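Here is how the chains run, residue by residue.
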Amino acid sequence: MKFSELEKLCKGKIQQQANEAEIKELVTDTRNISIRAGLLFFAIEGINHDGHEFVTEAYEKGARCFVVEREVSLPDDANVLEVRQSLLALQMIARAHRLQFDYPVIGVTGSNGKTIVKEWLTQLLDYKYSIVKSPKSYNSQLGVPLSVWQMTAQHNLGIFEAGISERSEMERLERIIQPTLGIFTNIGEAHNAGFESLQQKADEKAKLFASCQKVIFSSEYPEIRRALEATVSEETELIAWSFEKLEGHQFKVLVGETELVLKLKFSDPASVENAIHCVVMLYVLGFGMDVIQSRVDTLNSVKMRLEMKQAVNRSYVIDDTYNNDLHGLEVALDFLHRQNQKKKKTVILSDLYQTGLSGEALYARIDDLMRNQQISRFIGVGMEISKARGLFHTKAEFYDSTDDFLSSDFSIQDEIVLVKGARDFQFERVVQKLEYKAHGTILEINMESLTNNLNYYRAKLRPEVKLMVMVKAFAYGGGNFEIANLLQFHKVDYLGVAYADEAVELRRGGIHIPIMVMNPSSDSFRLLKEYNLEPEIYSLDQLLDFMDFFEAEDHMPPIHIKLETGMNRLGFKANELKRLTEILTLNKKLKVRSVFSHLAGSEDPRHEDYTKQQAQKFESMSEEIFKVLWYKPLRHLCNTAGIDNYPNYHYDMVRLGIGLYGFDPVMDEEKKLSTVGTLKTHVSQVKAINKGETVGYGRLGFAQRDMKIATVPIGYADGYLRAFGNGVGKMNVGGKLVPTVGNICMDMTMLDVTDMEVRSGEEVVIFGENPSIHDLASWIHTIPYEILTNISQRVKRTYISG
Ligand SMILES: *Cc1c(COP(=O)(O)O)cnc(C)c1O
């Protein structure tokens with residue numbers, strides 16, 4: 001595609017044209033740009049971010065073609081097209097690109113399972129087809145056109161997913177993907193906000209299939225059938241399936257008149273549904289049952305997201321071992337680039353397949369990416385990549401196979417290692433070697449959910465209101481640097497911690513944004529200065545100590561004054577203000593960065609009057625302070641529930657806490673948040689016991705009948721409180737909630753799995769979607785804050801991200 005063709009295609013107006021450039025790549029985010037020819041940069045206005053502010057950066061990184069919505073100033077050798085809406089232009093370009101190819105394209109939509117179905121179809125079909133697909137879960141108005149743009153003449157099958165959150169979005173995605181075959185995975189409550197009913201949501205999603213030849217869906221969802229019947233063209237064949245579970249792991253699938261019998265290694269309902277969708281698609285594509293079964297036997301569970309795990313020698317590994325296309329590599333490198341915890345970055349990469357580029361062009365491009373992302377060390381594994389060793393300028397080592405690599409004396413220390421390889425390289429063995437082996441319990445933190453939640457609250461703030469995020473108590477249990485790092489990346493204005501030590505750790509981990517320390521003891525004042533931290537000052541005594549400490553110095557750290565307005569915890573009372581303002585007047589070295597207070601009952605409408613009184617006090621007290629200052633410090637009052645309920649009290653900044661982690665004391669708000677933390681473990685052992693036997697310490701678990709007991713490696717030392725014992729707590733095993741039996745031990749818990757098929761090694765969810773932390777909190781009459789912050793540090797944290 002040529003630059004000048006875009007004018008007509010996008011109904012825009014060329015503002016300046018230096019030459020007739022060939023468009024090779026579309027970019028919307030300067031962080032992903034590596035210097036190469038043919039970049040077309042789209043300046044898109046987002047919620048927190050305006051692409052127009054980055055055009056110069058994009059230019060400096062090599063982009064010479066731009067699509068913008070308003071005038072920008074760029075050097076003469078840039079080509080600039082002005083359009084009404086850059087995102088729309090991107091979509092029109094992708095659509096035009098799509099029209100050049102006439103191989104089959106599978107479109108996937110539905111409430112859940114889109115990414116898994118897409119990845120599984122790829123696993124099943126890639127032995128026969130050269131597949132182009134959406135990387136990760138790129139399924140939005142932005143992700144879809146970028147995915148479709150990757151189609152080339154070398155491919156012969158496309159698989160793209162489409163996700164929507166509002167009405168009218170799907171029509172746009174349909175025009176870009178133009179699927180010839182479709183899978184409508186299911187319909188459920190996920191992301192309900194933009195729709196009035198399930199039916200309306202199904203109707204909207206069905207538009208993806210408006211002119212498909214064939215659409216596959218499960219007859220379990222009447223809404224889907226209704227939606228499809230109302231939407232698709234007359235030529236479209238609707239293929240509904242249903243199934244019956246037989247003995248063992250056998251399933252009988254009915255597709256029209258046809259009966260397919262197959263064996264699946266999965267038994268949870270979601271995996272069964274996803275797998276059957278794929279099986280039916282293979283059947284529709286003309287594969288025989290024996291081939292289908294042998295392909296299905298090779299299915300691996302899909303890691304949906306990038307995972308960052310704690311590794312040996314104070315390192316981290318980013319596990320991306322299931323996927324090896326070029327775009328996926330860029331996404332993973334971008335994720336690696338955002339991690340500031342360690343300076344040293346290593347990439348371990350296998351041969352790449354199906355990129356549509358020749359070997360030389362491909363590996364030169366990879367070297368280019370490595371240099372751009374400042375990778376310290378590159379390790380190539382595979383015959384192809386080893387042949388290309390001459391092309392690499394980054395410090396690099398090469399091995400012909402995974403075995404060769406594993407038997408080398410490779411080691412890691414204080415670094416972040418991205419491990420990314422094609423499936424047949426079995427890089428999970430590499431990850432296993434590097435990862436830190438704690439016992440089997442992990443707290444999985446979903447970084448994408450954190451980001452969603454962050455954006456949810458941001459959208460409630462007036463644009464000029466700053467945001468402080470509280471990461472005290474190990475980021476409410478989630479893990480300090482990793483979360484702070486994400487917040488820094490998303491440009492929050494402040495972090496808040498309880499103690500100076502926590503803040504010091506953050507600074508050492510590469511966090512440079514301002515940090516407020518709420519409880520600075522006098523023996524930590526030195527650290528404040530050394531690490532550029534800002535204390536909360538809540539009493540006259542403390543203020544005097546602080547001033548004494550810095551008496552001999554020219555500068556002291558800026559302070560945040562806490563006012564007592566009704567919480568009756570910490571803070572200056574009204575009658576202390578006179579003395580406080582005297583001190584502020586006399587000591588010009590004291591710099592007040594902010595004045596704040598804390599609400600005692602912002603979540604509860606019964607305390608509305610009290611909250612209003614607190615706010616009035618806060619206003620009048622801060623006025624008194626402002627009177628003696630020649631500058632204006634920030635004012636802030638609201639925590640999570642305050643942000644929701646009291647937009648008038650957002651002042652200059654708000655302090656977001658628990659909401660970020662997916663909980664909101666205001667219930668209606670919580671429904672709109674994403675689940676952040678999942679605590680998981682695996683069954684250590686399953687045993688049968690006879691009626692009359694007892695289980696655990698104190699013999700409290702008494703078998704009223706013959707029972708089957710599963711032991712899991714989590715106990716009160718991990719933060720699973722003793723109160724959960726004797727059936728009070730329940731865990732999720734294979735989709736079912738099962739009660740604890742007997743007392744919780746220090747490191748172990750026993751579960752009742754009588755009448756279930758459970759094997760050792762099977763995954764057990766302690767909390768996540770089901771049961772939720774709320775369930776756990778209500779079982780033992782506490783609040784989510786306590787459940788979260790109780791999880792002990794010995795539980796390994798894993799960070800997953802899209
Ligand atoms: C913890 C804390 C917050 C955040 O409270 P949430 O209810 O978790 O949002 C805000 N301000 C102060 C002073 C805090 O200590």
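Residues numbered from 1 in each chain as written. Predicted model: local features only at pLDDT ≥ 70, side-chain atom pairs only at ≥ 80, totals over all residues. Heavy atoms only, no water.

### Re the overall build of the protein chain
Here comes step 1: The helix and strand inventory of the protein chain stands at 27 helices and 38 strands.
Here comes step 2: Projected onto its principal axes, the C-alpha coordinates of the protein chain cover approximately 85 × 85 × 60 Å.
Here comes step 3: By the burial criterion, 57% of the 802 residues in the protein chain qualify as buried.
Here comes step 4: Intrachain contacts of the protein chain at a sequence separation of at least 6 include 66% that bridge at least 24 residues.
Here comes step 5: Looking at the protein chain as shown, the accessible area adds up to about 34100 Å², and 48% of this sits on carbon and sulfur atoms.
Here comes step 6: Between the averaged position of the 93 positive side-chain charges in the protein chain and that of its 109 negative side-chain charges there is a distance of 2 Å. (Helix = DSSP H or I, 4+ residues; strand = E, 2+ residues; numbered from the N terminus. Buried < 20%, exposed > 50% of the residue type's maximum accessible area, 1.4 Å probe, protein only. Contact = heavy atoms within 4.5 Å. Areas by Shrake-Rupley, 256 points an atom, 1.4 Å probe, with all protein chains shown as cover. Lys, Arg positive; Asp, Glu negative; His and termini not counted. Charge placed at Lys NZ, Arg CZ, Asp CG, Glu CD.)

### Quick word on the UniProt feature "domain: Alanine racemase C-terminal" (unreviewed entry) in the protein chain
Here comes step 1: Residues annotated by UniProt as "domain: Alanine racemase C-terminal" (unreviewed entry) correspond here to residues 676–800.
Here comes step 2: Annotated as residues 676–800, this span is 11% helix and 36% strand, and its ends, taken at the C-alpha atoms, are 10 Å apart. (UniProt positions renumbered as here; feature names shortened; annotations may be inferred.)

### Observations concerning the site of the ligand
Here comes step 1: Every residue near the ligand is listed here: M470, K472, Y476, M518, R569, H598, N639, T640, R655, G657, I658 and Y785.
Here comes step 2: Within the side chain of Y476, an N or O atom sits 2.6 Å from an oxygen atom of the ligand.
Here comes step 3: Between the ligand and G657 there is a distance of 3.1 Å, counted from an oxygen atom to a backbone nitrogen or oxygen.
Here comes step 4: Burial of the ligand by the surrounding chains reaches 94%, relative to a free accessible area of 390 Å².
Here comes step 5: Among the residues forming the shell around the ligand, the class breakdown is five nonpolar, four polar and three charged. (Near = heavy atom within 4 Å. Polar contact = N/O pair within 3.5 Å; in protein donor to acceptor, adjacent residues only side chain to side chain. Nonpolar A, V, L, I, M, F, W, Y, C, P; charged D, E, K, R; others polar.)

### Describing the sheet that holds strand β4 (residues 65–68)
Here comes step 1: Taken in spatial order, the five strands make up an open sheet running β1-β5-β4-β3-β2, and their pairing is mixed. The sheet terminates laterally at β1 (13–16) and β2 (25–27), the two strands that pair on one side only. For this sheet, the mean inter-axis angle between neighbouring strands, taken without regard to orientation, is 25 degrees.
Here comes step 2: Two strands pair when backbone bridges link them, and β1 and strand β5 (residues 79–82) are joined in this way by three bridges, in the antiparallel orientation. Bridge pairing in β5 links I14 to L81. (Pairing = 2+ DSSP bridges. Axes fitted to C-alpha atoms, helices over the stretch in contact; angles between N-to-C directions.)

### Brief notes about the domain arrangement of the protein chain
Here comes step 1: As far as domains go, the protein chain holds domain 1 (5–87), domain 2 (101–296), domain 3 (306–437), domain 4 (446–671) and domain 5 (677–801).
Here comes step 2: Its C-alpha centre places domain 2 at a distance of 36 Å from the equivalent point of domain 5. (Domains from an automatic or database assignment.)

### Quick notes on the pattern of salt bridges
Here comes step 1: By the definition in use, this model includes 44 salt bridges.
Here comes step 2: Close ionic contact of K680 with E444 constitutes a salt bridge, the shortest N to O distance being 3.0 Å. Here K680, found in strand β29 (residues 677–682), pairs with E444, found in strand β20 (residues 442–446); they are 236 residues apart in sequence, far enough to count as distant. The pair K680 / E444 is uniform in exposure class, with both members buried.
Here comes step 3: Beyond isolated ion pairs, a larger network of salt bridges with shared partners links E307, K309, D319, E435 and K796. (Salt bridge = Lys/Arg side-chain N within 4 Å of Asp/Glu carboxyl O.)

### A short note on the UniProt feature "binding site: substrate" (unreviewed entry) in the protein chain
Here comes step 1: Taking the numbering used here, the UniProt-annotated feature "binding site: substrate" (unreviewed entry) corresponds to R569 and M746. Spanning 178 residues, the annotated positions stay apart in the fold, the maximum distance between their C-alpha atoms being 34.0 Å.
Here comes step 2: Following the sequence through the fold, R569 ends up in the loop between β25 (559–562) and α22 (577–586).
Here comes step 3: Within the fold, M746 resides in the loop between β35 (736–741) and β36 (749–752).

### Re the nonpolar core
Note that soluble globular proteins tend to have their nonpolar side chains buried in a common cluster.
Here comes step 1: Counting 133 residues, the largest nonpolar core has I366, V471, L495, I561 and I625 as the members making the most contacts within it.
Here comes step 2: Top contributing element to this core by residue count: helix α11 (residues 326–338), with six residues.
Here comes step 3: If we ignore the near neighbours within four places in the chain, the residues touching L495 are M468, V469, V471, A484, L487, L506, I511, I513, P514, I515 and M516.
Here comes step 4: One finds V117, L124, L157 and W241 within the second-largest nonpolar core, a separate group that totals 36 residues. (Core = buried A, V, L, I, M, F, W, Y, C linked by side-chain atoms within 4.5 Å.)

### Let's talk about the pairing of strand β11 (residues 237–245)
Here comes step 1: Two elements, strand β10 (residues 214–218) and β11, share five bridges in a ladder whose sense is parallel. Each residue of the ladder has a partner; that of K214, found in β11, is E237.
Here comes step 2: Judged from the five bridges that link them, β11 and strand β12 (residues 250–255) form a sheet pairing that is antiparallel. The partner of F243 across the bridge, within β12, is V253.
Here comes step 3: A loop of four residues connects β11 with β12, the two strands running antiparallel in sequence, and G248 in this loop sits at a positive phi of about 60 degrees.

### Structural notes on the side chain of S622
Here comes step 1: Its place among the elements puts S622 in helix α23 (residues 608–627).
Here comes step 2: If we skip the residues at most four places from it in the chain, S622 touches L563, V595 and R635.

### Notes on helix α21 (residues 540–549)
Here comes step 1: Taken together, the buried positions of α21 are occupied by L540, Q542, L543, F546 and M547. Each buried residue of α21 sits inside an arc of 160 degrees when the element is viewed along its axis, so together they form one side. Those residues of α21 that are exposed and aimed more than 90 degrees away from the buried face are D541 and D548.
Here comes step 2: Lining the buried residues of α21 we find α20 (525–530), β24 (534–537), β25 and α22. (Arc of directions from axis to C-beta.)

### Focus: the packing of aromatic side chains
Here comes step 1: Scanning the entire structure with this criterion turns up 23 aromatic pairs.
Here comes step 2: Between F101 and Y103 the ring centres are 5.7 Å apart and the planes differ by 40 degrees, which places this aromatic pair in the tilted class. Across the pair, Y103 and F101 agree in class, each one buried.
Here comes step 3: Put simply, the rings of F525, F546, F549 and F550 touch in pairs and so form one group of aromatic residues.
Here comes step 4: Geometry around Y631 places K591 over its ring, the cationic atom sitting 4.2 Å from the centre.
Here comes step 5: Positioned over the ring face of W779 is K730, at 5.2 Å from the centre of the ring. (Phe/Tyr/Trp six-rings, centres within 6.5 Å; stacked < 30°, edge-to-face > 60°. Lys NZ or Arg CZ within 6 Å of the ring centre and 35° of its normal.)

### Let's talk about the sheet that holds strand β6 (residues 105–109)
Here comes step 1: Strand order in this open sheet of eight strands is β7-β8-β6-β9-β10-β11-β12-β13, and the pairing throughout is mixed. Strands at the two margins of the open sheet, each flanked by one partner only, are β7 (131–133) and β13 (258–263). On average, each strand axis in the sheet is tilted by 20 degrees relative to the strand beside it, whichever way the strands run.
Here comes step 2: Inspection of the sheet shows β12 paired to β13 by six bridges, in the antiparallel sense. Within β13, the position partnered with L254 by the bridge is E259.

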